[in-house]
Amino acid sequence: MRFDDRVAIVTGAGRGLGRSHALALATRGARIVVNDLGGALAGGGGDPGPAQAVADEIAAAGGEAVANADSVATPEGAEAIVTAALERFGRVDIIINNAGNLDPGGLPGVTAEAIQRHVDVHVLGAFNVTRAAWPHLVDRGYGRIVITSSVGLFGSAHLVGYSTAKGAAVSLGRSLAEAGAPHGITVNQLVPSAETRMVTDPEFRANCNLPPLPPGTRPDPARGPEFVSPMVVLLAHESCPVNGETMTAGIGRFARVFWAETRGLVAPGLEPEDILARWGEVVDEEGYGVPATTAEGVAFRESLLAPQAAER
Ligand code: NAD
């Protein structure tokens, strides 16, 4: 898969997964905007060094890249990132929304502000950059967008802000996917798994009730970000086979994450006691639906209610 003539913005690309995605795309011919605020893990701070170092690394390997240290968390920062791509390379084809912060916390200590700081980067950050590039992508009838979620989307008592944002990032991506389809734009979500500064700290893992990593040197080369990037490259390529999907990748495994709805129990007029008595039918996973959009979700429900309506 080649990316000659393609231009990619990779956010949070000064370290970890973003750096790996940027290098993988550059190796295959893409010109890259290496964005990274150069922040602390919890967010904040600022250092143009990491983005510049990765841009230099790409150039040293014979590729083309420009560094940018604006924050994705503001519309102005996002505009500046997209402008950097247009000014330097004249186009944008691919956006890998990867920038992320993590500040553990759960009730009773976690605050609304702490949740907001995660939403600002993971959700609004992806939205801001995508929105800034959207008219350009629509005009050209082409785009490949990836939004980075996390296994945190399943929920965590210890990572309330992070999990909330990573769940919202999925529905953001699915909504943009439906909007992009008529314009040749795909938007997919990524659930990565790799040993970066974000996940290796043993104290962090213990506090978050995460299983300890297997014994050995950290980071383990067999659990590096480069085992995630092939999925990102595929989702960023013109041959990307999916839209609105959530794909997981890491440590040599590739899989799909999806939201489903059971067929459920169709029986109007039940009392709560009756529902409890037939709980097995409510949650039975046989024949579940996997709606891609709100409209498909509504249609799935209507299809299950239809036989009963016909009887009335
Ligand atoms: P990392 O901390 O090494 O890299 C994240 C980068 O994002 C940092 O370099 C940071 O400076 C940058 N960043 C933070 N806020 C920014 C902002 N407002 N604007 C621009 N850049 C900003 O962590 P990582 O593990 O490489 O994480 C990359 C992405 O993958 C994140 O979205 C993270 O939540 C997600 N993720 C990682 C894992 C994993 O196993 N490492 C698992 C699930 C999800």
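Residues numbered from 1 in each chain as written. Predicted model: local features only at pLDDT ≥ 70, side-chain atom pairs only at ≥ 80, totals over all residues.

Some thoughts on the overall build of the protein chain
If you tally the helices and strands in the protein chain, you get 10 helices and eight strands. For the protein chain, the C-alpha radius of gyration of 21 Å lies close to 20 Å, the compact-globule estimate for 312 residues. A principal-axis box enclosing the C-alpha atoms of the protein chain has dimensions of 70 × 50 × 35 Å. By residue count, 43% of the 312 residues in the protein chain fall in the buried class. In the protein chain, the proportion of contacts linking residues at least 24 apart, taken out of those at least 6 apart, comes to 70%. (Helix = DSSP H or I, 4+ residues; strand = E, 2+ residues; numbered from the N terminus. Rg over C-alpha atoms; globule rule 2.2 N^0.38 Å. Buried ≥ 20, exposed ≤ 12 C-beta atoms within 10 Å, placed from the backbone. Contact = placed C-beta atoms within 7 Å.)

Thoughts on the confidence of the model for the protein chain
Looking at the protein chain, the pLDDT average stands at 96 and 99% of residues meet or exceed 70. Both scores are given for the predicted complex: the pTM is 0.97, the ipTM 0.99. (pLDDT = per-residue confidence, 0-100.)

Regarding the site of the ligand
Around the ligand sit 34 residues, and of these Gly12, Gly16, Gly100, Ser150 and Thr196 come closest. For the shell around the ligand, the secondary structure elements donating two or more residues are α1 (16–27) and α4 (112–140). Take the shell around the ligand: its biggest share by element is three residues, from α1. Considered class by class, the residues forming the shell around the ligand number 13 nonpolar, 18 polar and three charged. (Near = placed C-beta within 6 Å. Nonpolar A, V, L, I, M, F, W, Y, C, P; charged D, E, K, R; others polar.)

Quick notes on the sheet that holds strand β2 (residues 31–35)
Strand order across the open sheet formed by eight strands is β3-β2-β1-β4-β5-β6-β7-β8, with mixed pairing between neighbours. Every interior strand has two partners, whereas the edge strands, β3 (65–68) and β8 (253–257), have only one. Here the average twist between neighbouring strands, direction ignored, is 20°. Where strand β1 (residues 7–10) meets β2, four bridges bridge the pair, whose relative direction is parallel. Note on β2: the bridge partner recorded for Ala8 is Ile32. Sheet strands touched by helix α5 (residues 160–180): β5 (143–148), β6 (185–192) and β7 (246–250). Its angle to β6, the strand with the most contacts, is close to 160°. (Pairing = 2+ DSSP bridges. Axes fitted to C-alpha atoms, helices over the stretch in contact; angles between N-to-C directions.)

Some remarks on the environment of Phe300
Inspection of the secondary structure assignment puts Phe300 in helix α10 (residues 294–311). A C-alpha to C-alpha distance of 47 Å links Phe300 and Gly45, two positions 255 residues apart in sequence. Those residues in contact with Phe300 that sit more than four places away from it in its chain are Glu261, Gly289 and Pro291.

Digging into the packing of helix α3 (residues 75–89) against α4
In the contact formed by α3 and α4, the axes pass within 8 Å of each other and the chain directions differ by 50°. One element, α3, and the other, α4, form an angle in the oblique class. Note that α3 runs across α4; the crossing there is right-handed. The segment α3 lies against α4, with Pro75, Ala78, Glu79, Ile81 and Val82 engaging Asn128, Val129, Ala132 and Ala133. (Parallel < 35°, antiparallel > 145°, perpendicular 65-115°, else oblique. Left-handed = near helix turned anticlockwise from the far one by under 90°.)

Examining the packing of α1 against helix α7 (residues 229–236)
Relative to each other, α1 and α7 sit at 55°, their axes nearing to 9 Å. Our classification of the angle between α1 and α7 gives oblique. At the point where α1 passes α7, the crossing takes the right-handed sense. Residue-level contacts link Ser20, His21, Ala24 and Leu25 of α1 to Ser229, Val232, Val233 and Ala236 of α7. The residue makeup of the contact of α1 with α7, split by class, is five nonpolar, three polar and no charged.

Some thoughts on unusual backbone geometry
The step from Leu107 to Pro108 runs through a cis peptide bond, and the omega angle for that step is 10°. In the segment running from Arg218 into Pro219, the intervening peptide bond is cis, with an omega of -10°. Counting through the fold element by element, Pro219 comes out in the loop between α6 (202–207) and α7. A positive phi angle, near 65°, is found at Asn209, a position not held by glycine. The topology assignment puts Asn209 in the loop between α6 and α7. Of note in the backbone geometry, Ile251 takes a positive phi value of approximately 55° without being a glycine. As for its position among the elements, Ile251 is in the loop between β7 and β8.

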